[in-house]
Amino acid sequence: MTVREVHHRLGVGQSTLRNWMAVPDKIPESKRSCPRCHGCPLDGSAYAYLLGLYLGDGHIAHGRKGVFRLDIACCDDWPGLTEAAVQALAAVLPTNSVGQRQRTGCTIVNMTSKHWPCIFPQHGPGMKHTRAIVLKGWQDEIVSEFGEEFVRGLIHSDGCRAVNRVRRPLKGGDRWYEYPRYFFTNASDDIRELFTDTLDRLGIEWKRSNKRIISITKKEAVARLDEFVGPKY
Ligand SMILES: [Zn+2]
């Protein structure tokens with residue numbers, strides 16, 4: 001059967017089928033690690049989260065012999081987020097081991113692989129906001145399916161949940177009201193657009209606070225984000 005026919009019969013994406021067919025038999029199973037080159041299964045939920053982290057605080061460095069290292073900078077104030085980054089890396093490339101380097105106030109969670117540029121094709125020279133950041137079709141499919149995880153990764157890296165406290169004087173004494181809100185700050189127009197497009201798809205209202213900051217302040221929208229993001233931990 002042709003790729004098209006198999007696609008229609010099984011509902012598996014055509015690009016995925018072509019990847020499976022392209023696996024060279026000469027690569028032993030133990031040497032296969034890449035979801036793109038070797039057709040290894042990819043954990044979509046972990047990938048969407050890691051993509052958010054990568055587009056926020058992630059960096060891919062070119063090492064020796066065609067090996068790349070993905071670094072995710074994690075603030076030591078939130079050990080739960082460091083652990084979430086470790087787990088996402090381990091789920092996306094289970095064949096490789098996760099490393100951690102301590103820096104002042106933060107931990108760099110990292111993993112080396114020859115395949116980071118296949119897994120994150122947005123890798124390129126210079127800062128992310130100086131070049132176009134466009135998702136490939138297969139990444140778009142994953143982000144559409146796991147939009148919440150993608151938004152969670154972006155907010156965990158470049159966003160925050162802040163609480164605005166307001167005092168209201170009343171007869172029986174002052175009362176304090178708390179208004180939680182979310183902010184996402186990124187210098188790249190493309191990355192902010194990926195963030196807001198995904199919020200639109202999830203039906204979460206947002207607004208632009210200034211050129212680089214997107215805010216989510218409406219009560220229902222904040223409640224929706226609280227379901228799958230919440231305060232940093
Ligand atoms: Zn690869």
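Residues numbered from 1 in each chain as written. Predicted model: local features only at pLDDT ≥ 70, side-chain atom pairs only at ≥ 80, totals over all residues. Heavy atoms only, no water.

*Asks:* Would you mind going over the coordination of the zinc ion with me for this structure?
*Replies:* By definition of the ideal shapes, a tetrahedral metal site with four donors has angles of 109.5 degrees and an octahedral site with six donors has angles of 90 or 180 degrees. Distances from the zinc ion to its protein donors, C34 (SG), C37 (SG), H115 (ND1) and C118 (SG), fall at 2.1 to 2.4 Å. Each of the four donor atoms bound to the zinc ion contributes to angles spanning 103 to 117°, and the resulting shape is tetrahedral. Counting the intervening residues between successive donors of the zinc ion yields the motif C-x2-C-x77-H-x2-C. Taken together, the residues C34 in the loop between helix 2 (14-21) and helix 3 (44-57) and H115 in the loop between strand 4 (106-113) and helix 5 (116-119) connect sequence positions 81 residues apart. For C34, a relative accessible area of 0% puts it in the buried group. Of the residues examined, H115 reaches a relative accessible area of 14% and is grouped as buried. (Donors = N, O, S within 2.8 Å, 3.2 Å for Na, K, Ca; no water. Tetrahedral: all angles 85-135°; square planar, octahedral: opposite > 155°, others 65-115°. Helix = DSSP H or I, 4+ residues; strand = E, 2+ residues; numbered from the N terminus. Buried < 20%, exposed > 50% of the residue type's maximum accessible area, 1.4 Å probe, protein only.)

*Asks:* Could you clarify how one ought to interpret the domain arrangement of the protein in this entry?
*Replies:* Frequently, the measure chosen for interface size is the accessible area that the parts lose on association. The assigned domain composition of the protein is domain 1 (3-154) and domain 2 (155-228). For domain 1 and domain 2, the distance between their C-alpha centres works out to 27 Å. Contact with domain 1, which involves 22 residues of that partner, is made by 20 residues of domain 2. Summed over both partners, the interface of domain 1 with domain 2 buries about 1800 Å², with 63% contributed by carbon and sulfur atoms. (Domains from an automatic or database assignment. Contact = heavy atoms within 4.5 Å. Buried area = accessible area lost by both parts, 1.4 Å probe.)

*Asks:* Explain the nonpolar core here, please?
*Replies:* General note: in soluble globular proteins, nonpolar side chains tend to be found buried as a group. Core analysis: the biggest nonpolar cluster contains 50 residues, and L50, W116, F120 and L225 have the highest contact counts within it. If you count residues domain by domain, this core takes at least three from each of domain 1 (3-154) and domain 2 (155-228). (Core = buried A, V, L, I, M, F, W, Y, C linked by side-chain atoms within 4.5 Å.)

*Asks:* I'm lost on the pairing of strand 4 in this one. Help?
*Replies:* Of all eight residues that make up strand 4, seven are buried, and the element is covered over most of its length. The pairing of strand 2 (residues 68-75) with strand 4 spans eight bridges and is antiparallel. Pairing of C75 across the sheet is with C106, part of strand 4. Pairing of strand 3 (residues 99-103) with strand 4, which is carried by five bridges, proceeds in the antiparallel orientation. Considered in strand 4, the bridge of G99 is made with N110. (Pairing = 2+ DSSP bridges.)

*Asks:* Where do I start with the pattern of salt bridges in this structure?
*Replies:* Any two side chains of opposite charge can pair, on the condition that their charged atoms come close. Considering all chains together, one arrives at eleven salt bridges under this definition. Close ionic contact of D71 with R69 constitutes a salt bridge, the shortest N to O distance being 2.9 Å. The closest approach of N and O atoms between R224 and E227, which form a salt bridge, is 3.1 Å. Remark: E227 and R224 occur in helix 9 (residues 219-228); sequence separation between them is three residues, near one turn of the helix. (Salt bridge = Lys/Arg side-chain N within 4 Å of Asp/Glu carboxyl O.)

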